[in-house]
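Here's the letter readout for the chains.
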Amino acid sequence: MIKIEKIEELCKGDFVSLKKMYYTQDGESKNWEIAELFDSVAILIYNVDEGAFVLVKQFRPPVYLKNNDGYTYELCAGICDKDISLEQIAIEEIYEETGYKVENVAKINSFYTSVGSAGAKQTLFYAEVENKDRVNQGGGIDTEKIEVIHLSITEMEDFMYDESKVKTPGLLYAFEWWRNQAIESMVEQAEI
């Protein structure tokens, strides 16, 4: 049984609040430091004309501290800091980061990230785009410097296992989801 004794705020930033939770678990007093983050959305984007996934590459300071490079390959994503639907946030992020204008996205799943330190919830979506849907070059807003990457299906497998390219677990999960959907589609076609 868990009993929360108190939660102490250590530091509050624009996007992260550091807290310390004091609690009792099965009669034993414990404490844990928590990085409280916004929940987020991430979108696996597939360009049907190119036969390629649309990813983003950007500099991440925490990764730089680990590898002196700091560039990551990620799904298009954004924090949930607006009072609109998750779907609408995803659609806005696609436009801002990649330059593609889409009307809708399909939810894949939700999961929690950084469970040992933050426990933020991420909702994963899927969107298909065509070349005609790209209305600008993307790159983010304000001071964001996002590079849009098109990764062909034939490159996906090697990319997934290339440890020299820093990527998130959510991206790998999304690729596995896409691969499973493709296999299911092939099986259905074979049964017809």
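Described in the following lines is the structure provided in the data block. Going along each chain's sequence as written, the residues are numbered from 1 onward. Residue-level local features of this predicted model are given only where pLDDT is at least 70; pairs of side-chain atoms are given and counted only at 80 or more, and the full residue set underlies all totals for whole chains, interfaces and linings. Just so you know, side-chain values use all the structure's heavy atoms and leave hydrogens and water out.

Moving on: the overall build of the protein chain. Elements are defined by DSSP. Helices are runs of H or I of four residues or more, strands are runs of E of two residues or more, and each kind is numbered from the N terminus. The number of helices and strands found in the protein chain is four helices and 11 strands. Each residue is assigned to one of three classes by its accessible area relative to the maximum for its type, calculated with a 1.4 Å probe on protein chains only: buried under 20%, partly exposed between the two thresholds, exposed over 50%. Relative to its full complement of 192 residues, the protein chain shows a buried share of 36%. Note on contacts: a residue pair is in contact if any heavy atoms of the two residues lie within 4.5 Å. Look at the contacts in the protein chain between residues 6 or more apart in sequence, and 54% of them connect residues 24 or more apart. Here the Shrake-Rupley method, with its probe set to 1.4 Å, supplies the accessible areas, and only the displayed protein chains count as covering residues. In the form shown here, the protein chain has an accessible surface area of approximately 11900 Å², with 50% of it arising from carbon and sulfur atoms. When charges are counted, neither His nor the chain ends are considered; positive counts come from Lys and Arg and negative counts from Asp and Glu. Where a charge lies is defined by one atom per residue type, namely NZ (Lys), CZ (Arg), CG (Asp) and CD (Glu). Separation between the mean location of the 19 positive side-chain charges and that of the 36 negative ones in the protein chain comes to 6 Å.

Patch membership requires over 30% relative accessible area and the absence of a salt bridge. Like charges are linked within 9 Å, and nonpolar side chains (Val, Leu, Ile, Met, Phe, Trp, Tyr) within 5 Å. We define a salt bridge as a side-chain nitrogen of Lys or Arg found within 4 Å of a carboxyl oxygen belonging to Asp or Glu. A cluster of nonpolar residues, L10, F15, V16, L18, L37 and F38, forms a patch on the protein surface that exposes about 510 Å² of accessible area. Note that V16 resides in strand β2 (residues 16-25).

On to unusual backbone geometry. Not every positive phi belongs to a glycine, and S114 is a case in point at roughly 45 degrees. Relative to the assigned elements, S114 resides in the loop between β8 (106-113) and β9 (120-129). On the accessibility criterion, S114 (44% relative accessible area) is partly exposed. Even without being a glycine, D142 presents a positive backbone phi close to 55 degrees.

Counting 20 residues, the largest nonpolar core has L44, F53, L55, L75, F159 and F175 as the members making the most contacts within it. Listed by contribution, the elements that provide at least two residues to this core are β4 (40-47), β5 (52-59), β9, β10 (147-152), α3 (153-161) and α4 (169-191). Looking at this core element by element, the count peaks at four residues for α4. Other than its neighbours up to four places away in sequence, L75 contacts A42, I43, L44, L55, V56, L124, G170, L171 and A174. The next biggest cluster of nonpolar side chains, apart from the first, holds 17 residues, and it includes C76, Y100, F125 and V148. In this description, a nonpolar core means a group of buried Ala, Val, Leu, Ile, Met, Phe, Trp, Tyr and Cys residues linked to one another through side-chain atoms lying within 4.5 Å.

In this section: the packing of aromatic side chains. The geometry of an aromatic ring pair comes down to the distance between the two centres and the angle between the two planes. What counts as a ring pair is set by centres within 6.5 Å for rings of Phe, Tyr and Trp (its six-membered ring), and what kind of pair is set by the plane angle: stacked under 30 degrees, edge-to-face over 60, tilted for all other angles. Evaluation of the coordinates by the stated rule reveals 10 aromatic pairs. Considering the side-chain rings of F111 and Y173, the 5.6 Å spacing of their centres and the 75 degrees angle between planes classify their relative orientation as edge-to-face. On the criterion of sequence distance, the pair formed by F111 in strand β8 and Y173 in helix α4 is long-range, its members being 62 residues apart. Between Y126 and W177, the ring centres sit 5.1 Å apart and the planes meet at 55 degrees, which makes this aromatic pair tilted. Of this pair, Y126 sits in strand β9 while W177 sits in helix α4, and the two are 51 residues apart along the sequence. The ring of Y22 carries the charged tip of K6 above its face, separated from the ring centre by 5.0 Å. Positioned above the aromatic ring of Y71, the side-chain terminus of K57 is 5.6 Å from the ring centre. Geometrically, a charge over a ring is one whose NZ (Lys) or CZ (Arg) sits within 6 Å of the ring centre while staying within 35 degrees of the ring normal.

Fair warning: the whole summary comes from geometry, so function is off the table for now.
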